[in-house]
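Coordinates in review
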Amino acid sequence: MLSTSLLSALSFSAFACVAKAATPAYSIVEPTQGAVVSLDTATVIEWNTTESSSSKVSFYLETTDNSTDLYTIASKISNSGSISWSPPSSISAGTDYIVVLQPADSDTEYKSDAFTISASSNSTTYYPTEGEEIETGETAIVTWKVDSNVTSVSIYLMEGTDTSDLKNVSTITTDIANSGDVAFVLSTSIASGDDYLFAIVDTKDPSSVKYSSTFTIVNDSASKSSSSSSGSSSSSGTSSSSSSSSTTSSGSDSTSTSAGARALVSLQWLVGLFLVALLF
C-alpha cells in the first residue's frame, strides 16, 4: 500500500499538471469583443503569453464562420506581446472578424473575440478614444488623421456635449506642423469631467475644425490638496492648543510670582515689628 506522503505527492503533481495545462500559452486580449476598427487606420493587437519573447508567432485575419485566412497580418515575428496594424482597404466591412495567432513551432491556433471592421471612422482622431480617461499632470498624447492640404494646426481642449456650443477650457498647442500627433500634459487646475474633447483647428482656415471623441478627465490633485489642507488645519489647531497651554502656563507663573511677592512683604513687616519690640 502506498504511504500517505507518497499519495499526497502524487496528488499534488497531478494538480500541478492540470493547473499548468489550464493556462494557455497565448491569449489575445486586443481587439476585444465588439471592438470597432476602421480600414486603413492604425490599431493594436495585444496578447498575453507564457512563452519566451524569442518565440516566433504569426497572425491572420479570419471570420467566425470561415477558418480560411483572409489576410496575413504578420508572419513569424517575435513574441513581443503587441503589434500595430491597419486593416487594408481590400477587406470588406463586417462584424464577425477575428484575429488568429499561430506559434511557429505548433499547429495550435489561438483566436481573439469577434470584432467589427468599419469602412470609415466616426471620429476624426485616433486617440483619445470614446470614454478614455486622461489624468491631469500626466503625459498623454492626441493623434488625428492628417489632411495633406493642411500644413499646420492648433489644438484646444473643449468642454461640452454639443459642438455648436463648446467651452474653450485650455490651449494645448498652437501653430504646429500637422504631423498627426502631439504629446501634452493637462494642467491640474482642470476639473474632472466626462464631456471633454479636443478641437484640431487649421491655423490658416480657423473654420476648418476636427473634433476628437468625447473623453474623461480625472483630476486627483483636488482630493490630495484637500487632504493636505485638512492636515495643515489639524496642525494649526494643535499649535493653537499649544499656544493656549503656554499662555495658561504663563498666567500660572505670574500668579505664583505675585503671591510670592506678597509673602515677602509680609515677612519684612514682621521682622520690622520684631526689631522695634527689641529696641523698646
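See the structure above.
This section reports on the structure supplied with the text. (Residues numbered from 1 in each chain as written. Predicted model: local features only at pLDDT ≥ 70, side-chain atom pairs only at ≥ 80, totals over all residues. Heavy atoms only, no water.)

**Looking at the overall build of the protein chain**
Counting its regular elements, the protein chain contains 2 helices and 18 strands. Within the protein chain, the proportion of its 280 residues that are buried is 31%. The contacts of the protein chain with a sequence gap of at least 6 include a subset with a gap of at least 24, amounting to 61%. Counting only carbon and sulfur atoms, one obtains 52% of the accessible surface of the protein chain, whose full area is about 17,100 Å². (Helix = DSSP H or I, 4+ residues; strand = E, 2+ residues; numbered from the N terminus. Buried < 20%, exposed > 50% of the residue type's maximum accessible area, 1.4 Å probe, protein only. Contact = heavy atoms within 4.5 Å. Areas by Shrake-Rupley, 256 points an atom, 1.4 Å probe, with all protein chains shown as cover.)

**Considering unusual backbone geometry**
Going from Glu-30 to Pro-31, the amide bond is cis rather than trans, its omega being 5°. Counting through the fold element by element, Pro-31 comes out in the loop between strand S1 (26-30) and strand S2 (36-38). Phi is positive for Lys-76, which is not a glycine, with a value near 50°. Within the fold, Lys-76 resides in strand S5 (residues 66-78). Phi is positive for Asp-175, close to 50°, though the residue is something other than glycine. Exposure remark for Asp-175: the relative accessible area of 55% places this residue in the exposed category.

**Description of the pairing of strand S4 (residues 56-63)**
A large share of S4 lies buried, amounting to 7 of its 8 residues. As defined by bridge partners, S4 adjoins S5 across 6 bridges and the pair is classed as antiparallel. Its bridge partner lying in S5, Leu-61 is registered against Tyr-71. Counted between consecutive antiparallel strands, the loop separating S4 from S5 contains 2 residues. By the bridge criterion, 7 bridges tie S4 to strand S7 (residues 94-103) in an arrangement that is antiparallel. (Pairing = 2+ DSSP bridges.)

**Side note on the nonpolar core**
If you look at the biggest cluster of nonpolar residues, it comprises 22 residues, and the most contacted ones within it are Trp-47 and Phe-59. Where this core is concerned, the elements lending two or more residues are S1, strand S3 (43-49), S4, S5, strand S6 (82-85), S7 and strand S9 (115-118). In this structure, Val-142, Ile-155, Leu-186 and Phe-215 belong to the second largest nonpolar core, which totals 19 residues. (Core = buried A, V, L, I, M, F, W, Y, C linked by side-chain atoms within 4.5 Å.)

**Brief notes about the environment of Ile-200**
Here Ile-200 lies in strand S16 (residues 193-202). Judged by relative accessible area, which is 4%, Ile-200 ranks as buried. With 12 residues separating them along the chain, Ile-200 and Ser-212 place their C-alpha atoms 8.0 Å apart.

**A few points about the sheet that holds S3**
Spatially, 3 strands are ordered S1-S3-S6 in an open sheet, and the strand pairing comes out antiparallel. Each edge of the open sheet is held by one strand with a lone partner, namely S1 and S6. Adjacent strand axes in the sheet meet at a mean angle of 25° when their direction is disregarded. Both S1 and S3 contribute to a ladder of 4 bridges, which runs antiparallel. Of the residues in S3, the one forming a bridge with Tyr-26 is Thr-49. (Axes fitted to C-alpha atoms, helices over the stretch in contact; angles between N-to-C directions.)

**A word on empty space enclosed by the protein**
Applying the stated rule across the entire model yields 2 cavities of 30 Å³ or more. Every residue lining the largest cavity is listed: Trp-144, Lys-145, Val-146, Asp-147, Val-150, Val-153, Asn-178, Ile-200, Val-201, Asp-202, Ser-208 and Lys-210. Tallying contributions element by element places S16 first for the lining of the largest cavity, with 3 residues. Here the second largest cavity is characterised by a volume of approximately 30 Å³. Pro-31, Val-37, Thr-43, Val-44, Ile-45, Trp-85 and Phe-115 are the residues that line the second largest cavity. (1 Å grid on protein atoms, 1.4 Å probe; cavity = no way out; pocket = protein on both sides within 12 Å on 5 of 7 lines; lining within 4 Å. Points joined across faces, edges and corners; volume = space filled by probe spheres on them.)

**So, the packing of aromatic side chains**
This model, assessed by the stated rule, comprises 5 aromatic pairs. With centroids separated by 5.2 Å and ring planes inclined at 75°, the aromatic side chains of Phe-184 and Phe-198 adopt a geometry described as edge-to-face. Here Phe-198 lies in strand S16 and Phe-184 lies in strand S15 (residues 181-185), a separation of 14 residues in the sequence. Phe-198 shares its class with Phe-184; the two are buried. Taken together, the aromatic side chains of Phe-184, Phe-198 and Phe-215 make up a single cluster linked through ring pairs. (Phe/Tyr/Trp six-rings, centres within 6.5 Å; stacked < 30°, edge-to-face > 60°.)

**A few points about a negative patch on the surface**
The grouping of Glu-133, Glu-135, Glu-138 and Asp-220 at the surface amounts to a negative patch. Tracing the backbone through its elements, the reader meets Glu-135 in strand S11 (residues 133-135). Since its relative accessible area comes to 41%, Glu-135 is described here as partly exposed. (Patch = residues over 30% accessible without salt bridge, like charges linked within 9 Å, V, L, I, M, F, W, Y side chains within 5 Å. Salt bridge = Lys/Arg side-chain N within 4 Å of Asp/Glu carboxyl O. Lys, Arg positive; Asp, Glu negative; His and termini not counted. Charge placed at Lys NZ, Arg CZ, Asp CG, Glu CD.)

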